[in-house]
Amino acid sequence: MSVEVRKVGKIAIFDFDGTLTLGKGCEELRAKFKAALEGGDQRFVFNMLKVPFLDSSGVGEVIACHKRARDKDGLIKLALKGKSHELFVFWELHKLFTIYDDVESALAGFAE
């Protein structure tokens, strides 16, 4: 699992690659997200299109990031497909996050 961070304007995009499970993946996400918040970022897109699997720890870390963002008046939008998307719908997390099929749509969602 790797997480790369890039910026498009004032939006930080977190590009995930690999499975998001307990351990290194969650730790990397937590550290990079906290650094982005401390750097003043408030709008985020989690590009999870290359995440074939995430366990409950991975989902929990995404939810923890949501709480951290909300506490700083921030917002996270998700780009998800396939089994990862099905998992978020199954756990009714689509009520907590706005989910898009691609990064471009998620970015455009901030203009709404």
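Everything discussed here concerns the structure shown above.
A word on the overall build of the protein chain
The helix and strand tally for the protein chain stands at 4 helices and 5 strands. When the helices and strands of the protein chain are read in sequence order from the N terminus, they spell out β-β-α-β-α-β-α-β-α. At 13 Å, the protein chain has a C-alpha radius of gyration in line with the 13 Å of a compact globule built from 112 residues. Each principal axis of the C-alpha distribution contributes one length, and for the protein chain these read about 30 × 30 × 20 Å. Of all 112 residues assigned to the protein chain, the portion counted as buried reaches 42%. Excluding contacts between residues fewer than 6 apart, the proportion of contacts in the protein chain whose partners are at least 24 apart in sequence is 66%.

Focus: the pattern of salt bridges
Under the defined criterion, the tally for this structure stands at 7 salt bridges. A salt bridge links R6 to D15, with the nearest nitrogen and oxygen atoms 2.5 Å apart. Of the charged contacts, one joins K7 and D41 as a salt bridge, the two residues approaching to 2.5 Å between their closest N and O atoms. In this pair, K7 is assigned in strand β1 (residues 2-8) and D41 in the loop between α1 (24-38) and β3 (43-47), connecting sequence segments 34 residues apart. D41 gets classed as buried once you look at its relative accessible area, which sits at 13%. If you follow the salt bridges from partner to partner, you end up with R30, E61 and R68 in one network.

Thoughts on the pairing of β1
Here β1 pairs with strand β2 (residues 11-17) via 7 bridges, running antiparallel. Residue pairing across strands places E4 opposite D15, the latter belonging to β2. Once β1 ends, the chain turns through 2 residues before running back antiparallel as β2, passing G9 with a positive phi of about 65°.

Conventions used here
Residues numbered from 1 in each chain as written. Predicted model: local features only at pLDDT ≥ 70, side-chain atom pairs only at ≥ 80, totals over all residues. Heavy atoms only, no water. Helix = DSSP H or I, 4+ residues; strand = E, 2+ residues; numbered from the N terminus. Rg over C-alpha atoms; globule rule 2.2 N^0.38 Å. Buried < 20%, exposed > 50% of the residue type's maximum accessible area, 1.4 Å probe, protein only. Contact = heavy atoms within 4.5 Å. Salt bridge = Lys/Arg side-chain N within 4 Å of Asp/Glu carboxyl O. Pairing = 2+ DSSP bridges.

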